[in-house]
Amino acid sequence: MLSQAMQEALNGQIRDELYSAYMYLSMAAYFDTVSLPGFAAWMRAQSEEELSHAMKFFDFVNERGGRVELHAIDQPPLDFESTRAVFEKTYEHEQKVTGLIHDLYALALEENDYGTQVMLHWFIEEQVEEEDSVSQILDTLGRIGEKGQALVMLDKELGQRGS
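An account of the accompanying structure is given in this report. On a predicted model such as this, the values are computed, not experimentally measured, just so you know.

Conventions used here
Residues numbered from 1 in each chain as written. Predicted model: local features only at pLDDT ≥ 70, side-chain atom pairs only at ≥ 80, totals over all residues. Heavy atoms only, no water. Helix = DSSP H or I, 4+ residues; strand = E, 2+ residues; numbered from the N terminus. Buried < 20%, exposed > 50% of the residue type's maximum accessible area, 1.4 Å probe, protein only. Contact = heavy atoms within 4.5 Å. Areas by Shrake-Rupley, 256 points an atom, 1.4 Å probe, with all protein chains shown as cover. Lys, Arg positive; Asp, Glu negative; His and termini not counted. Charge placed at Lys NZ, Arg CZ, Asp CG, Glu CD. Phe/Tyr/Trp six-rings, centres within 6.5 Å; stacked < 30°, edge-to-face > 60°. Lys NZ or Arg CZ within 6 Å of the ring centre and 35° of its normal. Axes fitted to C-alpha atoms, helices over the stretch in contact; angles between N-to-C directions. Parallel < 35°, antiparallel > 145°, perpendicular 65-115°, else oblique. Nonpolar A, V, L, I, M, F, W, Y, C, P; charged D, E, K, R; others polar. Expected span 1.5 Å × (residues − 1). Bend = angle between axes of the 7 residues up to and from the residue. Salt bridge = Lys/Arg side-chain N within 4 Å of Asp/Glu carboxyl O. Core = buried A, V, L, I, M, F, W, Y, C linked by side-chain atoms within 4.5 Å.

**Focus on the overall build of the chain**
Regarding its fold elements, the chain presents five helices and zero strands. When the elements of the chain are put in sequence order from the N terminus, they spell out α-α-α-α-α. When its C-alpha atoms are laid out on the principal axes, the chain stretches across 55 × 25 × 25 Å. Considering the chain as a whole, with its 163 residues, one finds that 45% of them fall into the buried category. Here the analysis covers contacts within the chain between residues at least 6 apart in sequence; of these, 81% occur between residues at least 24 apart. For the chain, the computed accessible surface area is about 8,700 Å², with 51% contributed by carbon and sulfur atoms. Distance between charge centres in the chain, computed from 12 positive and 30 negative side chains, equals 5 Å.

Dropping the structure here:
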């Protein structure tokens, strides 16, 4: 059984994961408008992954006898200055999500909620991978810049990502 505080926190995380999916889908739309279909495909896959994260929390709340309450999702940004700016925003956002997961884990520790602690281990590991993946793309963009053949090659490479 989930405590009221844990249930509220997990419902907040569902909202935050859905916002992440929404934001990455907005980024995919941006990349489509600037003719970078590989970047768009990467962001679309990222959006689908975030939606699956929301559903993991959704299912977990239900499995623990809690009540899922869906909250309003803010509108994500629509326009971006550059490809690099999109990935800087992505990295910043993933760091924020990492903090949110850590806060959930701290609450689970405080409440001796061992089931939630175990479930959150997967998310803690996932966030390490998420930040690393985006960091590598940022490093590559820093080396190749925003124009030219190298950007086209990176676009093609990122388009190969599966969800």
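From this point, things continue past the structure.
**A look at the environment of His121**
Within the secondary structure layout, His121 lies in helix H4 (residues 114–144). His121 sits in the partly exposed class, given a relative accessible area of 40%.

**Concerning the packing of aromatic side chains**
The tally for this structure, following the rule as stated, stands at eight aromatic pairs. Site record: aromatic cluster; members linked through ring pairs are Tyr30, Phe31, Phe39, Trp42, Phe80 and Phe87. The ring of Trp122 has Lys56 lying over it, and the distance from NZ or CZ to the ring centre is 4.1 Å.

**A word on the side chain of Thr90**
Assignment of secondary structure puts Thr90 in helix H3 (residues 83–110). Thr90 sits in the buried class, given a relative accessible area of 0%. Ignoring sequence-local partners within four residues, the contact set of Thr90 consists of Tyr24, Met27, Met43 and Val134.

**Description of the packing of helix H1 (residues 4–33) against H3**
One way to put it is that H1 packs onto H3 with a least axis distance of 11 Å and a crossing angle of 170°. With respect to H3, the element H1 is oriented roughly antiparallel. Grouping the constituent residues of the contact of H1 with H3 by class yields 18 nonpolar, five polar and four charged.

**A look at H3**
Its 28 residues give H3 an end-to-end C-alpha distance of 41 Å, which sits within 8% of 40 Å, the value for a rise of 1.5 Å per residue. Backbone geometry just downstream of H3 places Asn112 in the positive-phi region, at approximately 55°.

**Description of H4**
Helix length check: H4, at 31 residues, gives a terminal C-alpha distance of 46 Å against a target of 45 Å (1.5 Å per residue), a fit within 8%. Its maximal kink placed at Leu120, H4 deviates by approximately 25°.

**Brief notes about the pattern of salt bridges**
In the structure shown here, the tally under the stated rule is three salt bridges. The closest approach of N and O atoms between Arg64 and Asp113, which form a salt bridge, is 3.0 Å. Of this pair, Arg64 sits in the loop between helix H2 (37–63) and H3 while Asp113 sits in the loop between H3 and H4, and the two are 49 residues apart along the sequence. By relative accessible area, Asp113 is classed as buried at 6%.

**Section: the nonpolar core**
What tends to happen in soluble globular proteins is that the nonpolar side chains get buried as a cluster. Within the largest apolar cluster, 22 residues are counted, with the highest numbers of intra-cluster contacts made by Phe31, Phe39, Met43, Val86 and Phe87. Taken together, the elements giving at least two residues each to this core come down to H1, H2, H3, H4 and helix H5 (149–158). Looking at this core, the element that brings in the most residues is H1, giving seven residues. For Val86, the residues in contact, after removing those within four places along its chain, are Met27, Tyr30, Phe31, Met43 and Phe80. Counting residues in each nonpolar core, the second largest holds 17 residues, with Leu2, Met6, Ile101 and Leu120 among its members.

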